[in-house]
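Here is how the chains run, residue by residue.
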Amino acid sequence: MGEQPIFSTRAHVFQIDPTTKKNWVPTSKHAVTVSYFYDSTRNVYRIISLDGSKAIINSTITPNMTFTKTSQKFGQWADSRANTVYGLGFSSENHLLKFAEKFAEFKEAARLAKEKSQEKMELTSTPSQVAALKKNVLSVPHKVPHKVPPRVPLRVPVKKKESATGDLQSPLTPESINGTDDERGTTPEMPQHPPEPRPEPSQNQLPFSHSSSSINKHWEAELAALKGNNAKLTAALLESTANVKQWKQQLAAYQEEAERLHTRVTELECVSGQTPVIKSQKTELNQTIEELESALKAKEEELERLKEEVESANEFQIQKESLTQKLQETEERNQTLEAQLGELELRLEGSQLESEAFRKSLRSLLELLDGKIFELTELRDSLARLIEDSSS
């Protein structure tokens, strides 16, 4: 219970692949809390991170450790006790610098604590050695001259400096491990044209054929535009595929060059008594590694852009298929409407013939009625004359 957190931050946690020793394996699905702890009972500093109830980092800071900044938002260090390399992706460069500053501070505190513990061990071991020497002197006879051996201080074995596995550069891009919560923008969708309103037939005319032809022209124009876009995207996709293969080869060459440079840096660090010449070579190699990392970053950004273009091409293909299906449905509807139009024309002709016959029958009836009315009029006149004659 003597261990207390003294500094905390949030980051994405990674570990080096134990089989390949090249690729990073994420140990947390999202950003987690990473804290520095101080154990007052043992006088040690530790880095601890929990993902739920699982400890994904439990690393004791030693004077041999080195925290290396491999990009603006990513840093790593090697832990020989855990036999792994830890990597942290931060949301900003300020968080990374603060974490590295605390790492250097606690590393220096661990070094001072180790030196103090060694001094205490030497002081405790010296009286026991003096007592042993006095006992040996008393046990030797006085006649035999003797020499007291010089006092030999007790040397505590110190572990050799770890190999520079902690300087391994991250094979991943800073965008994939920077720990940010930024999401990629979605691909804009193609604007969908609203369906044209269908004109309703009036009483005097039937515009079915006109509406169907306008709809056909609209969908044919849309299909032609989509075919042109599809051809352009297909050509761009073929070109981007060839570029991707070339960039993958360049990426593999860059990775091999980076591994070779890392090996060279490790060999230079293992050489005892580093001279200014070796340090300058190390600086040049680090600069070369940074340049290679920037080139890799640019290539990977280009790959991401090409992937987005491929996705947009797939979306255009899907839209083309949907529009083709709609065009087929429209053609089927046009055929149905033409059949209905033919039936209506036949019905109209029949109704016109019936109306002509009905008109003829009405005319004959009117003529007959006019004759009957004329006869009735004559009969009335004759009756009126008879009534006048009878009254006179």
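Owing to the predicted nature of the structure, the values given are computational and were not obtained by experimental measurement.

A word on the pairing of strand β7 (residues 74-79)
Along any regular strand the residues' side chains alternate between the sheet's two faces. With respect to burial, β7 is a largely interior element, 6 of its 6 residues being buried. With burial as the criterion, each face of β7 is covered, one bearing F74, Q76 and A78 and the other bearing G75, W77 and D79. Of the pairings in the sheet, the one linking strand β6 (residues 68-69) to β7 comprises 2 bridges and is antiparallel in character. For K69, the partnering residue across the bridge sits in β7 and is G75. Counting the residues in the hairpin turn of β6 and β7 gives 4 residues. The sheet contact formed by β7 and strand β8 (residues 84-89) spans 6 bridges and is antiparallel. Among the inter-strand pairings, F74 is bridged to a residue of β8, identified as G89. From the end of β7 to the start of β8, which pair antiparallel, there are 4 residues, and N83 there has a positive phi angle of about 55°.

A short note on the nonpolar core
Of all hydrophobic cores here, the largest spans 21 residues; its most connected members are Y36, I47, I57, W77, L88 and F99. Elements with a contribution of two residues or more to this core: β1 (3-16), β3 (32-39), β4 (44-51), β5 (54-60), β8 and α1 (93-139). It is α1 that contributes the most residues to this core, 4 residues altogether. Residue contacts for I47: discarding those within four places in its chain leaves V34, S35, Y36, I57, N58, S59, I61, W77, F99 and F103.

A look at the pattern of salt bridges
Per the stated rule, a full pass over the model turns up 9 salt bridges. Across the pair E105 and K102 runs a salt bridge whose closest N-O atoms are separated by 3.9 Å. Placement of the pair is E105 and K102 together in helix α1, with a separation of 3 residues, close to one helical turn. Residues R111 and E115 are paired through a salt bridge, measuring 2.6 Å at the closest nitrogen-oxygen approach. Highlighted residues: R111 and E115, both in helix α1, separated by 4 residues, approximately one helical turn.

Here is what the cut-offs are and how they apply
- Residues numbered from 1 in each chain as written.
- Predicted model: local features only at pLDDT ≥ 70, side-chain atom pairs only at ≥ 80, totals over all residues.
- Heavy atoms only, no water.
- Buried < 20%, exposed > 50% of the residue type's maximum accessible area, 1.4 Å probe, protein only.
- Helix = DSSP H or I, 4+ residues; strand = E, 2+ residues; numbered from the N terminus.
- Pairing = 2+ DSSP bridges.
- Core = buried A, V, L, I, M, F, W, Y, C linked by side-chain atoms within 4.5 Å.
- Contact = heavy atoms within 4.5 Å.
- Salt bridge = Lys/Arg side-chain N within 4 Å of Asp/Glu carboxyl O.

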